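Observations on the three-dimensional arrangement
So you can see what is in the structure, the chains are spelled out below.
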Amino acid sequence: MTQDQLKQAVARAAIEYIKPKLFSDSIIGVGTGSTANFFIDYLGEIKSLFSGAVASSDASAERLKKLGIDVLDCNSVSELVVYVDGADESNPYLHLIKGGGAALTREKIVRAVSKEFVCIADESKWVDVLGKFPLPVEVIPMARSYVARELVKLGGAPVYRDGVVTDNGNVILDVFNLQIVDPVALENRINQITGVVTNGLFAAKPADVLLLGTKDGVKTLLPR
């Protein structure tokens, strides 16, 4: 199977996974990226089963609207029944690196409001130790150089993602050369740097379940 076929398989599996959890006034959280896009497309087939969605990016919101799915402001929602999104990396504890699509801050907000986070990914995203994929950090523009110097002190090699502005009007530093053996501690440490909005580690609040697309089919994985 190609990578896109694996992504389609996990997106379809996510639809089947969430169906029993939905009721007429359910609001669901929807992520951002290529795997999430397949999920959104399939979501249009079951839009009669739920009330609406909160999107983690403007791009996902537009995709949902084109399918006739109501998109709500997160501030108008007290709780999301489930949040479905992809990841750039996952370890066996379902600690994740996210933010390749520059939507990490809104993704963390949607995750915080959700009862359950269902991560969907293909097997290329599965690792024993996080960090091969560069860690995205969303930064207030005037703090970019300062934050980069602080990230160097932590052993990373930050690179400015040139030309990228987040939906929040901020910039992204991608941090290379990290072997993240304690994701929770590093997530908290980076978030304490003045000027950082948040970073792409989802470890303090990891995924609750991972649907992993493999050549042997979709595997349902729980945190170790």
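Below or above, wherever it landed, is the structure these notes cover. (Residues numbered from 1 in each chain as written. Predicted model: local features only at pLDDT ≥ 70, side-chain atom pairs only at ≥ 80, totals over all residues. Heavy atoms only, no water.)

1. Quick look at the pattern of salt bridges
- Counted according to the given criterion, the structure contains 14 salt bridges.
- A salt bridge links glutamate 116 to lysine 21, with the nearest nitrogen and oxygen atoms 3.1 Å apart. Of the two residues, glutamate 116 is situated in the loop between helix 4 (104-113) and strand 6 (117-122) and lysine 21 in the loop between helix 1 (3-18) and strand 1 (27-30); the sequence distance between them amounts to 95 residues.
- Among the residues examined, glutamate 116 registers a relative accessible area of 16% and is labelled buried.
- Overlapping salt bridges bring together Asp85, Lys98 and Glu107 as one network. (Salt bridge = Lys/Arg side-chain N within 4 Å of Asp/Glu carboxyl O. Helix = DSSP H or I, 4+ residues; strand = E, 2+ residues; numbered from the N terminus. Buried < 20%, exposed > 50% of the residue type's maximum accessible area, 1.4 Å probe, protein only.)

2. Focus on unusual backbone geometry
- Phi angles above zero are rare outside glycine, and alanine 102 is one such case at about 70 degrees.
- When its relative accessible area of 12% is taken as the criterion, alanine 102 is described as buried.
- Non-glycine residue asparagine 177 carries a positive phi angle of around 65 degrees.
- For asparagine 177, the location among the structural elements is in the loop between strand 9 (171-176) and helix 6 (183-191).
- The exposure class assigned to asparagine 177 is exposed, which follows from its relative accessible area of 64%.

3. Things to note about the packing of aromatic side chains
- On inspection of all chains with the given rule, the structure shows two aromatic pairs.
- When the ring of tyrosine 83 is compared with that of phenylalanine 117, the centres are 4.6 Å apart and the planes differ by 25 degrees; the resulting orientation is stacked. You can see tyrosine 83 sitting in strand 3 (residues 82-85) and its partner phenylalanine 117 sitting in strand 6, a full 34 residues away along the chain. Accessibility classification places tyrosine 83 together with phenylalanine 117 in one group, the buried group. (Phe/Tyr/Trp six-rings, centres within 6.5 Å; stacked < 30°, edge-to-face > 60°.)

4. Things to note about the sheet that holds strand 9
- One open sheet holds the four strands; their spatial order is 8-9-7-10, and the pairing between them is antiparallel. The open sheet has two edge strands with one neighbour each: strand 8 (157-160) and strand 10 (196-199). Looking at each pair of strands side by side, their axes are set apart by 30 degrees on average, direction ignored.
- Both strand 7 (residues 135-139) and strand 10 contribute to a ladder of three bridges, which runs antiparallel. Along strand 10, the bridge assignment pairs glutamate 138 with threonine 198. (Pairing = 2+ DSSP bridges. Axes fitted to C-alpha atoms, helices over the stretch in contact; angles between N-to-C directions.)

5. Points about the packing of helix 2 (residues 34-43) against helix 3 (residues 58-66)
- It is at 9 Å that the axes of helix 2 and helix 3 come closest, and there the two elements cross at 20 degrees. One finds that helix 2 runs roughly parallel with respect to helix 3. Viewed along their axes, helix 2 and helix 3 form a crossing whose handedness is right-handed. Note on element contacts: helix 3 touches helix 2 through Ser60, Arg63 and Leu64, opposite Asn37, Ile40, Asp41 and Leu43.
- Considered class by class, the residues forming the contact of helix 2 with helix 3 number three nonpolar, two polar and two charged. (Parallel < 35°, antiparallel > 145°, perpendicular 65-115°, else oblique. Left-handed = near helix turned anticlockwise from the far one by under 90°. Contact = heavy atoms within 4.5 Å. Nonpolar A, V, L, I, M, F, W, Y, C, P; charged D, E, K, R; others polar.)

6. Comments concerning the nonpolar core
- Formed by 27 residues in total, the largest nonpolar core has its most connected members in Ile18, Ile28, Val30, Phe39, Leu43, Leu64 and Val84.
- If you list the elements that add at least two residues to this core, you get helix 1, strand 1, helix 2, strand 2 (52-55), helix 3, strand 3, strand 6 and strand 12 (209-214).
- Other than its neighbours up to four places away in sequence, valine 30 contacts Phe39, Ile40, Leu43, Ala53, Val54, Ala55, Ser56, Leu64, Tyr83 and Val84.
- Among the nonpolar cores identified, the runner-up in size contains 20 residues, and Leu135, Leu151, Ile193 and Leu201 belong to it. (Core = buried A, V, L, I, M, F, W, Y, C linked by side-chain atoms within 4.5 Å.)

7. What about the pairing of strand 1?
- Here strand 1 shows no split at all, with Ile27 and Gly29 on one side and Ile28 and Val30 on the other all buried.
- The pairing of strand 1 with strand 2 spans four bridges and is parallel. Each bridged residue has a counterpart across the sheet, and for isoleucine 27 the counterpart in strand 2 is glycine 52.
- Crossover connection from strand 1 via helix 2 to parallel strand 2: handedness right-handed.
- As paired elements, strand 1 and strand 3 share three bridges and run parallel to each other. By the bridge assignment, glycine 29 is partnered in strand 3 with tyrosine 83. (Right-handed = clockwise from strand over helix to strand, strands pointing away.)

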